[in-house]
Amino acid sequence: MHPALADDLARLPELLRSARDMAAREVSGAAAERPVVALGPAPARAPLPERGEGGTGALARFTERWAPGMSASAGPRYLGFVTGGVTPASLAGDWLTSAYDQNLSGAAGSWGAALERETVSWLGELFGLGEAHSGAFVTGATVSNTVGLAIGRAWLGERLGVDVSRAGAAALGAVDVLSGSPHSSVGKALSVLGIGRDRLRPVPLLPGGREAVDVTALDAALAALDGRPAIVVANAGTVNTVDFDDLRAIAALRERYDFWLHVDAAFGAFAALSPAHAHLVAGLDEADSVCVDLHKWLNVPYDAAVQFTRRRDLQVAVFHNESPYLGPPADEPDFLHLTPENSRRLRALPAWFSLTAYGREGHREVVERNVAEARRLGAGVEALPALRLLAPVRLNVVCFTLAERPTPERLAALAGAVAASGEAFVTPTVYAGVPALRAAFSNWRTTEDDTRRVLAALATASAAL
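## Structural notes on the overall build of the chain
Along its length, the chain carries 14 helices and 11 strands. On the principal axes, the C-alpha backbone points of the chain span a range of 65 × 65 × 45 Å. Each of the 465 residues in the chain was classed as buried or not, and the buried ones make up 50%. Counting 43 positive and 51 negative side-chain charges, the chain places the centres of these two groups 4 Å from one another.

## Some thoughts on the sheet that holds strand S11 (residues 434-440)
With antiparallel pairing, 4 strands are arranged side by side in an open sheet as S8-S9-S11-S10. Looking at the sheet topology across the chains shown, the edges are occupied by strand S8 (387-389) and strand S10 (427-431). Strand after strand, the sheet turns through a mean of 45 degrees between neighbouring axes, direction not considered. Of the strand pairs in this sheet, strand S9 (residues 397-402) and S11 are connected by 4 bridges, and their pairing is antiparallel. Note on S11: the bridge partner recorded for Cys399 is Arg438.

## Re the packing of aromatic side chains
Scanning the entire structure with this criterion turns up 7 aromatic pairs. With a centroid separation of 5.6 Å and 70 degrees between ring planes, the pair formed by Trp352 and Phe353 is classed as edge-to-face. By way of ring pairs, the aromatic residues Tyr78, Phe81 and Phe425 are connected into one cluster. Directly above the aromatic system of Phe335 lies the positively charged group of Arg117, at a separation of 5.0 Å from the ring centroid. Sitting over the face of the ring of Trp444, Arg445 holds its NZ or CZ atom 5.9 Å from the ring centroid.

## Digging into the environment of Val143
Among the secondary structure elements, Val143 is positioned in helix H6 (residues 141-160). C-alpha of Val143 to C-alpha of Ser185: the two residues are 42 residues apart in sequence and 8.5 Å apart in space. Not counting residues within four places of it along the chain, the set of residues in contact with Val143 comprises Val138 and Pro340.

## Overview of the sheet that holds strand S5 (residues 259-264)
Spatially, S1-S7-S6-S5-S4-S2-S3 is the arrangement adopted by the 7 strands of the open sheet, whose pairing is mixed. One side of each edge strand has no neighbouring strand; the edge strands of this open sheet are strand S1 (134-138) and strand S3 (200-202). Averaged over neighbouring strand pairs, the angle between their axes works out to 20 degrees when direction is ignored. Where strand S2 (residues 177-179) meets S3, 3 bridges bridge the pair, whose relative direction is parallel.

## Details of the pattern of salt bridges
Overall, the coordinates contain 32 salt bridges when judged by the stated rule. Taking the shortest distance from any N to any O, the salt bridge between Arg20 and Asp21 comes out at 2.9 Å. A salt bridge links Arg311 to Asp313; the shortest N-O distance between them is 2.8 Å. Overlapping salt bridges, with partners in common, bring together Glu158, Arg159, Asp258, Arg311 and Asp313 in one network.

## Description of unusual backbone geometry
Here Tyr302 and Asp303 are connected by a cis peptide whose omega angle stands at -5 degrees. The backbone phi angle of Val242 is positive, close to 50 degrees, even though this residue is not glycine. For Arg405, which is not glycine, the phi torsion reads 45 degrees and is therefore positive. In this fold, Arg405 is placed in the loop between S9 and helix H13 (408-420). Taking relative accessible area as the criterion, Arg405 reaches 58% and is therefore assigned exposed.

## Focus: the pairing of S9
Burial analysis of S9 places 6 of its 6 residues in the buried class, the great majority of the element. As judged from the 3 bridges shared by S8 and S9, these two strands associate in the antiparallel manner. Each residue of the ladder has a partner; that of Arg388, found in S9, is Thr401.

## Let's talk about the pairing of S10
Side chains Thr427, Thr429 and Tyr431 of S10 all project onto a buried face; the interleaved residues Pro428 and Val430 project onto a face where none is buried. Here 5 bridges tie S10 to S11, and the two strands are oriented antiparallel to one another. For Tyr431, the partnering residue across the bridge sits in S11 and is Val434. In textbook terms, the turn of a hairpin is the stretch between consecutive antiparallel strands, and for S10 and S11 this stretch comprises 2 residues, one of which, Ala432, has a positive phi near 50 degrees.

Basis of the calculations
- Residues numbered from 1 in each chain as written.
- Predicted model: local features only at pLDDT ≥ 70, side-chain atom pairs only at ≥ 80, totals over all residues.
- Heavy atoms only, no water.
- Helix = DSSP H or I, 4+ residues; strand = E, 2+ residues; numbered from the N terminus.
- Buried < 20%, exposed > 50% of the residue type's maximum accessible area, 1.4 Å probe, protein only.
- Lys, Arg positive; Asp, Glu negative; His and termini not counted.
- Charge placed at Lys NZ, Arg CZ, Asp CG, Glu CD.
- Pairing = 2+ DSSP bridges.
- Axes fitted to C-alpha atoms, helices over the stretch in contact; angles between N-to-C directions.
- Phe/Tyr/Trp six-rings, centres within 6.5 Å; stacked < 30°, edge-to-face > 60°.
- Lys NZ or Arg CZ within 6 Å of the ring centre and 35° of its normal.
- Contact = heavy atoms within 4.5 Å.
- Salt bridge = Lys/Arg side-chain N within 4 Å of Asp/Glu carboxyl O.

By themselves, these figures tell us nothing about what the structure is for.
Below, the structure written as C-alpha cells:
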C-alpha cells in the first residue's frame, strides 16, 4: 500500500474529526455569517501533485486555497434559484452514503435498494401520491423531467403501435407537447429525447399576469389535434411566481382527449405538506409522471431528486439494460432498469435520514416558515419606494423589479450590489416582459432576522441606483 494511503488509514479517525469540525462550523453558523457569495477571482490553476500530501495536507490545502471561495448557498440568505440547505440529519446520511459506498445499480448483496424503495414510498405519501405511483432517485429536476417525458414518449409509441425503444423517436413522427409555463429543463429534455425543442407548443395563460395555463385554451389546443395523442406538461409551482396549473381540471380533459400528463412539481409539490396550501397540488395523484426535486425544499445535499410514474412497465421498456451479467428486469426491477444511470450512489440515504429525523411535521414547519418569510419580504418590497412587487407572493418566491427604468443593466447592478454587500443573493428573471429579480425561500435555517437583513440590503442597494 502506498505510504500516504497507509498513513491516512491509520489516522482515519483524526482525519475525519478535522473534516467533521470544519463541516460543523459551516452548517452551524459560518455559512450564516460570512459573505453569501464569493465575488473575487479564483486561485490560478495549480499543477497536478506528483507526490501527495495525505488527507490532512489535502484538507489544509483546501482550507487555504478553496474554502474562502465557496458560496454560502447552504445558508439562510442565499435566495437565488431555488436552493435548499443541508439539514443536520441529511448531512450525517450523506457522510454515511460515502462511507458505505453502495452501488445502487442492483439489489444483490445489499439492502440499499430496499432502503431507497422505502424512501420513495415515504416521499410519495408526503406528496399525496397513491400506491399506483412508483419511482426512483435521480440527480435533479432536469433528469426527473427527462425520465417522465421519456416514459411519455414510450406511451405515445404504445398508442401509435411503435416500439420507440427499438425504432427510435423518429418513428413517432411529429410529437405535440403542450404546456403553459414550462421550465427550461422541459425543452432540454425534449432535445435529449429526440422529440425536439420546437415541438413544445405554448398554450395561453390565465389573464391578470398569471403563469397558470388557461384550461379552456388547453381544451381547444387538444381538440385541434384531431385525436392525435399528445403530451401535456402541467406546472405545479412556476419559477417566477410559484403559480399552479389546475391539475384536476387538466386531468379531467382526458375524458375527451388522449394525452400523457406529466407534472413538473420540482418544488411546488411541497405545498402538500401545509394544510393551508395543499389545495394547490390537488390532483397531483392523477398525473402519469411527476417530477420533484429534493435538494430544494427537502434540504438534502446535492444531488437528489425523485421521479414518479404510473407506468413502470413503460419505464423499464425505455431504460432497461440488456446485458447477460446484469440479468433481465424482475417484477421489482433494479434501479439500473429505471433511470439513465447504471452505477450510482445510495442517493436516498440523506433523504431517509432527514425524513426519519424530522418527519412530516418538521418538514411542514420549514415549508410554512419559508412561506411566511417570503410574504414578509414581499410586504417589505412593496413598502420600498425604489422597488415594485410584480406578482402576489403565492408561496415561497418574491418577484420584484425597480420602480423606475427596470432595464436588465439596472437590475443586474441591483443584484450585484446586494451580492457585494455579502448579505444576500438573488437571481434575475423576466416576468411578463419586465426584467426582474426573484428571491426564493427554501432554506431550513431562514428566520425573520434573515429576512430583515435581506430587506435592508435591498433598500440600501436600490436607493443608491
